[in-house]
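This is what each chain is made of:
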Amino acid sequence: MDADWDEVTRIAFPAPGSNDYPRPASALAFDTIAELLWAGTDRGRVVSFYRRDLQRYTAFKIHPPSEGPVRQFLFHDKGVIVLGTRSVHMAMRRGPAIWNIRHDDMKDLQCMSFTSKGASEIIVAGLQDTMFVIDVVKGEIVKQVPTEHHYTIMKKSKYICAATRIGCVDLLDPITFKAVRSWQAHASYINDMDAQNDFIVTCGGSLKQQAAQTYMLDPYVNVFDLKNMTSMKPMPFPPLAAHVRLHPRMLTTSIVTSQHGQMHVVDIMNPNTSNVRYANVMSFVNLFEMAPSGEALAMADTECNIHLWGSPSKIHFTDLALPIDMPKPEEPAPVLDWSPDTPLSSVGMPYYREPLFSVWPSDIISDVGAPPVQLDPGFLSTLKQTEWGMYGRNTRGLRRNQVEDTRACMKPSMKTPKFLSEKARESAMSSGASVSDSKGEQAPDLTSPNELESLKPEAPPMYRNLEIKYSKFGVDDFDFGYYNKTPYAGLENHIPNSYANSLLQLMHYTPLLRNLALQHAATACVTDLCLLCELGFVFDMLQKAEGSTCQATNLFKTLSATPQAGPLGLLEEESHVPSLSTMSQGLSRFLFDRINHDYRSIAPVSTALEQSLFNLAQPPSTDELVSRVLSTAALVTIKCMNCRSETQRAGTAYVNDLMYPPPKGSIRGGRTPKTTFSQVLKMGVERETASKGWCSRCQRYQNLQMRKTIKSVPAVLAINTAITTQEHRRLWSTPGWLPEEIGIIVDQGQFFCFEGADLKLHLQRGIHNITVYSLIGMVVSIESSSPQKTHLVSMINVAHAEATPSGESKWHLFNDFSVRPTSTAEALTFNAAWKMPSVLLFQVKAANNKSNMEWRTKLDTSVLYRDLTPPSDAKTFRVLDPESEKPGPETIVGLDTEFVSLKQPEIQMNSDGERETIRPMSHALARVSVVRGQGEHEGEPFIDDYIAIREPVVDYLTLYSGITASDLDPRTTKHNLVSLKVAYKKLWVLLNLGCKFLGHGLRQDFRVINIQVPRAQVIDTIQVFFLKARLRKLSLAFLAWYLLKEDIQLETHDSIEDARTALKLYRKYLEFKDAGILETMLEDIYKAGRATGFKPPRRDDQVIQRTDTPPAAGAATADGNGGASGSGVGNDNGNGNANGNADPVTPARKTVGLGVGSPFGVVNVFTPSKGSPLLPK
């Protein structure tokens, strides 16, 4: 090393790709026959640099990035040989590949060397039990050599000098590859080694004495004499030797460097004298190489720099170097002789990376000029003609000279339907019409058959936000059927947090998610805040609804009560909420996480579907099953950019966010590279990020790089679109950009995604194990301008969720309670101005149209037989006997509920001075009573639950419900106080056991309970005693007074009393029907109702005090018939019980000529009113 040696060139090592960040070099070598310096990266990329300026020459990739770093270079006159971890690659110096060799036993290759045949044969070894001999000329493996040692470094001299991973140096025979001699060079490992002529030099490390798990470099270089097969005196190197090289010209000279760049030029024969130089390195030197000419050396540091040292006047890499083939310069464009006669065809058309200015996007096209005012012919006939025009009285309802917005008037809009009560009234008043005729009315189809609605500049009516109108009869009077003529149920949107409706619909029509929820809901889980149970209840409602409109009230209540929901910004009632699109994406992550958590809490009732789908011989554990369905498993590598230490941990993602390529500058004369959905999905799944984090080695916060190696993908692939820029919007607006099917291959940590023609090609070849996913649907954000509100809808292909495959797509638009079919093109077309997807759900195609209904037969019914309240004489119910009372499809149960008010109705006065309901009163379930409808104990309650309400109650409605604040307070109540989940679970189990619910006005009960009961399982006495020709439905109190001769609901309501009364009325209905007098009796009932105002008459002298519901034991044993028998205060009919017990019961009015009491606690006769056709003439 001459005195004028210094750093000649320093360059930053280029990043592996345009979307990546710079990485330190993993391998470095000077070409032996060309003026090139070669370097490799940890992502399998090779780069070469030309001459002293280190001008970039070639770059190519030898293996996928997931296979790890480039290990070593060897040079041949035909090209360069590059070693990877699992392959060996040979390429021309210009870049084209000559051959690439892979083998199943190539697991972790580390080093290679030429053999006795010179440059025509190499041997490859590594941390494995097999070495490979490769013919360089033919590019094939000619021999496999077993070995006992694992080698990390190889150098060729007289022997093949190989360093083992435990610090030994083996001399291998270059012909037989057997170990001739071995030395223990270092205690722990060898960091670097070189061999030339008769010498071997090594530097390595050993364990520190203070901490047995920390390694430190040795402060010396070991030297071995190959001629005498002995070890020589070590060369001291106090700065700790990291790298060592023998000078190619000076036989006994070596160059030793430390990690910090201190270099010593040492004579092996006289190690006490040295020439010291310092490299200007700010971090650590990780690679060091000497040029074959001896006139240059190169270093690579951890800050991604390459340093070239040498004498500025003599520096060159090799003697007698081959000439380098440089790329031909681009020919300049020909100069045209431009004149009026020059043909335009002589001008070439360039390629453009960006759309031309003449290509106007659809979202900025606007119509110019407003339509003319449409004047009524009757109005024109009243005007007087003059020579300048026409004039007359202004009867159009506009001010003088007021401009009419004709464009807004011409826009189609969704007409609000009439209330059901209005339709019934009009139908009853019109001749020959029936109430059922109004069902044919539906929302007008405002779509154009030849034009996609999604391409319009503004959101068309079918996408706009819909609003529920309220009459004095509440929300039940709204005609939801006007907006939905399909067999698929919608969801009401007047409930807080109903922005989640679209995501719930999307999850419901994903068969695997629906199956997870239902199999879990059918278990014994009664956890109060179990969102998976609530999802199962909602999915069951939507299935049973058959096109009716449902609501997810209980699920949204549970969501609001979940502690994590508020801080995550998932609740609309919070003061600061993000956009609805961001909220839906956050909700998808939260729900999938909760599904994973809740599903693991208890074993599902059946896993038959998952076993058949995943080909599992034995029932899987809950952890394995939910992971296969929901989680993307990956190995996350975290690398500190300061100390370069790496740590690995298992990573799981339930929802993947898409990652888009950064916008690239235009390439002159080049085309814009096409970005596909598969590419964006691959970047999102294999997400590489850089962020600040704690480095345990540096003991401080550093810049960390995180990289994922994918192990497996789930059966349900949930994707958040993460659209943030206009570039993203333009990408989604590309026609046909979102495919209906994608194919995914996960192989050895690599993730590949295909679509379209590529997917078909891979399926035809059948080489790889490719999994095909179907697009179930998406949550779409509809961004409307004022006065319309931005809201969410869902586009769903319901064909994948049907019981039988239809063979074609069935896309539907779910806009809350409006459901309508739409075309595939309409569903998959987006608009940058107002229609953008938020959440996507893909499911493995093999799971389409699959369902597992075993949960209905394996339903856990223990909640019906469990009584957690202590025994008491005041207990109002007795649970079912698990041996003798098993509910089933033929079981009838009487049901009644009581409510309290959570919010008062919001009412405003409209311009006509009429009261208009903006939002009706919000109710909450406070009490549920279910009585036996058959058998020996008919009429006896087996459920009488009071509900612990989390929300603040504004009105207990005690006059109508009988509920007081003390009844719902755990500290003061004497009733069976349970959570809403427990009370609901009991009713849900009865529903799915096939029981028939009997009651009076059950529609409102079911709405507040938030349960959907099929019509076949409902017996509603308000319907059986109803004449459609009459517009009035009869109250329970009036029917009890007229038919049962009982006075009920005198001071307040009692749900057990009401359920029993409805049961008695149903028995009377069956009597009338069997006798053939039902229609006659209905006419008689309505006639009596008109005479009394449809209210039971009250006597002024009758004073009846109501107390609590009587105990079940007294009711069951008083007269042996299971009915409530006893005398009420103020009645003197002498029908007291046998024990003289004066428990308060429903008072019976005194009648004349009544027969013996029936088993239902009522009389067997009735009294016709005056004028009834049943009276004798």
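Reading guide: rules and limits
Every chain is numbered independently, its residues counted from 1 as its sequence is written. Where local features are concerned, this predicted model is filtered to residues with pLDDT of at least 70; where side-chain atom pairs are given and counted, the filter is 80 or more; whole-chain, interface and lining totals use all residues. Only heavy atoms go into the side-chain values, all of them from the structure, while hydrogens and water stay out. Runs of H or I in DSSP of at least four residues are treated as helices and runs of E of at least two as strands, each being numbered from the N terminus. Per-residue accessibility, obtained with a 1.4 Å probe over protein chains only, is compared with the maximum for each type, and a residue is labelled buried under 20%, exposed over 50%, and partly exposed between these values. Working rule for contacts: check all heavy atoms of both residues, and any pair within 4.5 Å makes them a contact. Surface accessibility follows the Shrake-Rupley procedure with a 1.4 Å probe radius. Residue values consider only the protein chains on display as shielding. For two strands to be treated as a pair, DSSP must find no fewer than two bridges joining them. As a rule, the C-alpha atoms of each element are fitted with a line to give its axis, helices using only the stretch in contact, and angles between N-to-C directions run from 0 to 180 degrees. Each Phe, Tyr or Trp ring (for Trp, its six-membered ring) is paired with any other whose centre lies within 6.5 Å, and the angle between the two planes then decides the class: stacked below 30 degrees, edge-to-face above 60, tilted in between. Throughout, the term roughly parallel applies to angles under 35 degrees, roughly antiparallel to angles over 145, roughly perpendicular to angles from 65 to 115, and oblique to all others. Here is the rule for handedness: rotate from the far helix to the near one, and if that takes an anticlockwise turn smaller than a right angle the crossing is left-handed, while a clockwise turn gives right-handed. Any residue outside Ala, Val, Leu, Ile, Met, Phe, Trp, Tyr, Cys, Pro, Asp, Glu, Lys and Arg is labelled polar, Gly included; the first ten of those are nonpolar and the last four are charged. The length a helix should cover is 1.5 Å for every residue beyond the first. Each polar contact in these results corresponds to two N or O atoms within 3.5 Å; when the atoms are within protein, one needs to be able to donate a hydrogen and the other to accept it, and residues that are neighboring in sequence are counted only if both atoms are side-chain atoms. Two joining distances apply to patches: 9 Å for like charges and 5 Å for nonpolar side chains (Val, Leu, Ile, Met, Phe, Trp, Tyr), and every residue must have over 30% relative accessible area and no salt bridge. Any Lys or Arg side-chain nitrogen found within 4 Å of a carboxyl oxygen on Asp or Glu counts as a salt bridge. UniProt positions are given in the numbering used here, feature names are shortened, and annotations may be inferred rather than shown by experiment.

This next bit is on the overall build of the protein. Check the secondary structure of the protein and you find 23 helices and 55 strands. Within the protein, buried positions represent 51% of all 1177 residues. Nonlocal contacts in the protein, meaning residues at least 24 apart in sequence, comprise 61% of its contacts between residues at least 6 apart. For the protein, the exposed surface amounts to about 56600 Å²; the carbon and sulfur share of it is 52%.

Turning our eyes to something else, we now look at the sheet that holds strand β4 (residues 45–50). Read across the open sheet, the four strands follow the order β2-β3-β4-β5; overall the sheet is antiparallel. Unpaired on one side and paired on the other, β2 (27–30) and β5 (55–61) mark the two borders of the sheet. With strand direction ignored, the average angle separating the axes of adjacent strands in the sheet is 20°. Across five bridges, β4 lies against β5 in antiparallel orientation.

In the structure shown here, the tally under the stated rule is 35 aromatic pairs. Between Trp38 and Phe73, the ring centres sit 6.4 Å apart and the planes meet at 40°, which makes this aromatic pair tilted. Here Phe73 lies in strand β6 (residues 72–76) and Trp38 lies in strand β3 (residues 36–40), a separation of 35 residues in the sequence. Neither residue differs from the other here; Trp38 and Phe73 are each classed as buried.

In the sheet, strand β14 (residues 151–156) pairs with strand β15 (residues 160–164) via five bridges, with the strands oriented antiparallel. Looking at the pairing, Ile153 lines up with Ala163 of β15. Between β14 and β15, which pair antiparallel one after the other, the connecting turn spans three residues.

Contact pair helix α8 (residues 580–601) / helix α10 (residues 622–630): the axes reach a minimum separation of 9 Å and the direction vectors enclose 160°. With respect to α10, the axis of α8 lies roughly antiparallel. In the packing of α8 onto α10, the handedness of the crossing is right-handed. Two secondary-structure elements touch here, α8 through Phe592, Ile595, Asn596, Tyr599 and Arg600 and α10 through Thr622, Asp623, Leu625, Val626, Ser627 and Leu630. Here the contact of α8 with α10 is built from residues that sort into six nonpolar, three polar and two charged.

So, about helix α21 (residues 1055–1075). In an α-helix, one full turn covers 3.6 residues, which means residues spaced three or four apart are oriented alike. With 21 residues, α21 should reach 30 Å at 1.5 Å per residue; the first-to-last C-alpha distance of 30 Å fits that figure. Counting buried positions along α21 yields 16 of 21 residues, so the element is predominantly enclosed. The backbone nitrogen of Ile1056 has a side-chain oxygen 3.2 Å away, supplied by the residue at the start of α21, namely Asp1054. Following α21 by one or two positions, Gly1076 adopts a phi angle in the positive range, close to 75°.

Attention now moves to the sheet that holds strand β29 (residues 296–301). Pairing is antiparallel across the open sheet formed by four strands, whose spatial order is β1-β30-β29-β28. Of all strands in the sheet, those with a lone pairing partner are β1 (6–12) and β28 (285–290), marking the two edges. Across the sheet, the mean angle separating the axes of adjacent strands is 20° when strand polarity is ignored. Sheet topology note: the β29/strand β30 (residues 305–310) ladder contains five bridges and is antiparallel. Paired with Ala300 across the two strands is Ile306, which belongs to β30.

Now for a nonpolar patch on the surface. A surface patch of nonpolar side chains, amounting to about 430 Å² of accessible area, comprises Leu336, Trp338, Leu344 and Val347. Classification of Leu336 as partly exposed rests on a relative accessible area of 40%.

Moving on, we come to the UniProt feature "binding site: a divalent metal cation" (unreviewed entry) in the protein. Mapped onto this numbering, the UniProt entry gives "binding site: a divalent metal cation" (unreviewed entry) at Asp896, Glu898, Asp1005 and Asp1058. Maximum C-alpha separation among the annotated residues is 12.4 Å over a sequence range of 163 residues, consistent with a single clustered spot. With respect to the element layout, Asp896 can be found in strand β48 (residues 892–903). What Asp896 contacts, discounting residues up to four positions off in sequence, is Arg927, Val928, Ser929, Asp1005, Ser1055, Asp1058 and Ala1059.

For side chains bearing opposite charge, pairing can occur when the charged atoms are close. Counted under the stated rule, the structure contains 42 salt bridges. In this structure, Asp319 and Arg249 form a salt bridge, with 2.2 Å as the shortest nitrogen-oxygen distance. With Asp319 in the loop between β30 and α1 (377–381) and Arg249 in the loop between β24 (243–246) and β25 (253–257), this pair connects stretches of sequence that are 70 residues apart. Take Asp319: its relative accessible area is 38%, and that puts it in the partly exposed class.

Our focus in this paragraph is the side chain of Thr115. Mapped onto the secondary structure, Thr115 falls in strand β10 (residues 109–115). Excluding residues that lie within four positions of it along the chain, Thr115 makes contacts with Glu121, Ile122, Ile123, Lys156, Ile160, Pro174 and Phe177.

The phi dihedral of Leu54 is positive, around 55°, even though this residue is not glycine. Mapped onto the elements of the fold, Leu54 is located in the loop between β4 and β5. Residue Leu54 is classed as buried on the basis of its relative accessible area, which comes to 5%.

Contact geometry of helix α6 (residues 531–545) with α8 gives a least axis separation of 8 Å together with a crossing angle of 105°. As far as their axial angle goes, α8 and α6 are roughly perpendicular. Residues Leu531, Leu532 and Leu535 of α6 form the contact with α8, whose participating residues are Phe590, Leu591, Arg594, Ile595, Asp598 and Tyr599. Each residue belonging to the contact of α6 with α8 can be placed in one class, and the counts come to seven nonpolar, no polar and two charged.

Quick look at the environment of Lys1095 now. Relative to the helices and strands, Lys1095 is located in the loop between α22 (1078–1092) and α23 (1112–1117). Using a relative accessible area of 56% as the deciding quantity, one classes Lys1095 as exposed. When the C-alpha positions of Lys1095 and Tyr1042 are compared, they lie 9.8 Å apart, and in sequence the two are 53 residues distant.

With that settled, consider helix α17 (residues 980–992). Compared with an ideal rise of 1.5 Å per residue, which puts 13 residues at 18 Å, α17 spans 18 Å between its outermost C-alpha atoms and is within 8% of the ideal. Of all 13 residues in α17, 13 are buried; the element is thus mostly enclosed. Positive phi shows up at Gly994, right after α17, with a value of about 95°.

This next bit is on the environment of Thr675. Locating Thr675 in the fold gives a position in the loop between β37 (655–657) and α11 (677–685). In this structure, the C-alpha to C-alpha distance between Thr675 and Leu731, residues 56 residues apart in sequence, is 8.1 Å. The contacts of Thr675, once residues within four sequence positions are left out, are Pro661, Val680, Leu731 and Trp737.

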